[in-house]
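Residue-level structural notes
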Amino acid sequence: MIANMKRREFITLLGGAGAWPLAAQAQQGAIPVVGFLRSTPRAPAQNLVVGFGQGLKEAGFVEGQNVAVDYRYADNQIDRLPALVADLIRRPVAVIVGDIISTIVARHATMTVPIVFVTGGDAVRNGLVASLNRPGANVTGVSFFSGELGSKRLELLHQLVPKATTIAMLADPDTPTSAAERMQVQTAAQTIRQQLIILDASSDADIESAFVTIVQRQAGALLVAAGAFLNSRRERIAGLAARHELPAMYFTREAVVAGGLMSYGASVTEAYRQAGVYAGRILKGEKPADLPVMRSTKFELVINLKTAKALGLDMPATVLARADEVIE
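Read on for a plain summary of the structure.

Calculation notes
Residues numbered from 1 in each chain as written. Predicted model: local features only at pLDDT ≥ 70, side-chain atom pairs only at ≥ 80, totals over all residues. Heavy atoms only, no water. Helix = DSSP H or I, 4+ residues; strand = E, 2+ residues; numbered from the N terminus. Rg over C-alpha atoms; globule rule 2.2 N^0.38 Å. Buried < 20%, exposed > 50% of the residue type's maximum accessible area, 1.4 Å probe, protein only. Areas by Shrake-Rupley, 256 points an atom, 1.4 Å probe, with all protein chains shown as cover. Lys, Arg positive; Asp, Glu negative; His and termini not counted. Charge placed at Lys NZ, Arg CZ, Asp CG, Glu CD. Phe/Tyr/Trp six-rings, centres within 6.5 Å; stacked < 30°, edge-to-face > 60°. Core = buried A, V, L, I, M, F, W, Y, C linked by side-chain atoms within 4.5 Å. Contact = heavy atoms within 4.5 Å. Pairing = 2+ DSSP bridges.

What to know about the overall build of the protein chain
If you tally the helices and strands in the protein chain, you get 13 helices and 13 strands. Here the protein chain has a C-alpha radius of gyration of 20 Å; the compact-globule value for 328 residues is 20 Å, and the two agree. By principal-axis analysis of the C-alpha atoms, the protein chain measures approximately 65 × 40 × 30 Å. Residues classed as buried in the protein chain amount to 54% of the 328 residues present. As displayed, the protein chain offers around 14400 Å² of accessible surface, 51% of which is attributable to carbon and sulfur atoms. In the protein chain, which carries 33 positive and 29 negative side-chain charges, the distance between the mean positions of the two groups comes to 2 Å.

Overview of the packing of aromatic side chains
For the structure shown, the criterion picks out 4 aromatic pairs. Here Phe36 and Tyr73 contribute two aromatic rings whose centre-to-centre distance is 6.4 Å and whose plane-to-plane angle is 55°, an arrangement assigned as tilted. With Phe36 in strand E1 (residues 33-38) and Tyr73 in strand E2 (residues 68-73), this residue pair connects regions lying 37 residues apart in the sequence. The rings of Phe36, Phe52, Tyr71, Tyr73 and Tyr272 are connected pair by pair, giving a single aromatic cluster.

A few points about the nonpolar core
Counting residues in each nonpolar core, the largest one holds 30 residues, and the members touching the most others are Phe36, Phe52, Val97 and Tyr272. Counting residues per element, this core draws most heavily on helix H11 (residues 268-283), at 8 residues. Beyond its immediate sequence surroundings of up to four residues, Phe52 is in contact with Val34, Phe36, Val69, Val97, Tyr272, Arg273, Ala275, Gly276 and Ala279.

Things to note about the pairing of strand E8 (residues 221-224)
Alternating residues of E8 divide into Ala221 and Leu223 and Leu222 and Val224, and every residue in both groups is buried. When strand E6 (residues 166-171) meets E8, the two strands line up parallel, connected through 4 bridges. Looking at the pairing, Ile167 lines up with Ala221 of E8. Here 2 bridges tie E8 to strand E9 (residues 248-250), and the two strands are oriented parallel to one another.

Concerning unusual backbone geometry
Cis rather than trans, the peptide bond between Arg91 and Pro92 has omega equal to -5°. Tracing the sequence through the fold places Pro92 in the loop between helix H3 (81-90) and strand E3 (95-99). Notably, Gln218 is not glycine yet its phi reads approximately 60°, a positive angle. Note on placement: Gln218 falls in the loop between helix H7 (204-216) and E8. Positive phi outside glycine occurs at Glu245, with the angle close to 50°.

All quantities given are derived from atomic positions and should not be read as evidence of function.
Here it is as C-alpha cells:
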C-alpha cells in the first residue's frame, strides 16, 4: 500500500505490467465514453474539469448529450491507479485523459486505448512519447512545461524578497519533473549566490514537517515546485505560508487565488482545454500517433496584493509591471 511503498517505486514496478486488450467500442448508437483520470483528489481539479469540458465542446462534444465522461480520482493514493485504469478499459472508454502519473500507469496497461496526457514536464524525457511532432503508439497530449520554469520562479521570488538570505524549496520527489526542476533551481540559486534548502514532500505529514524545518532554518521565502500532489494541497500550503508570514511562489494561478502570494507558469486549465480538444478529435476518428504534442506558449505572472499587504511587502514596481493578473 502507499503508506509502505514509495510512489516512484510503485510506478517503476508497473513496467512489467501486461497490456490490456481493447474491448469493442460501445454498441452502435450509444454515446462514446471518455475516462478522465487523475492521481489527485476531486475537489482541487474542478477548474481542470471546466477547461476540459470547454475543449470537448469546441471539438463538437457536450457531456450528457453526445459524450459521457467517467471521472476517476486516486486521492493521491497511487496504488489505486491500476484498478481505476482497469475499470475504465473494461467499461470500455474510447479515450483516457490523465495527468502524468495516471498516464504512466495507463500506458503500461494498454497499447490500444488512446491516451491524452497533460503534463508539466518533458514528455519525451519522461518516456511518454517518441517525439513531440511524432508521438507514435497510442499516446499524445499537452505539455505546459511547469517544471522547466523553476529557475524563472526563483528569480522572481528573489526580486520580491532580495534580503532573504535563505530560500526553501518544497518539492515532491515522486513527480517525474522533480529532478530536472531541482537541478535548474540549484543552478539558479548558485548564480545569484542564494542559499537554497530543498525539502521533500509527498504526503500531508511531509508538508507539515517541511514547514517546521523552514521555520527552524529561518528561511525568508518559499518556492513551491511543480507537481500534481503539491498543487492539490495548494490551499494547505498557502495557509501555512501565511501563518508563518512566508512569501511564497507557486506554479499555478489557482494557488494565488487560494491565498498564495505569487505564481508564474502556463495555465493548467488552458492545458486541459487543449486536452479536451484532442480527446474530441480522437472521438471523431483521428489517431494519437498523428496528433503532435501541444505545447503551451503563454505564461502568466499572477500576484495577490492582499497577501502581499498581509505580509507587509512592498511590491517592487518592476515586478508589478510584469504581472499579467493582479488579485486584490
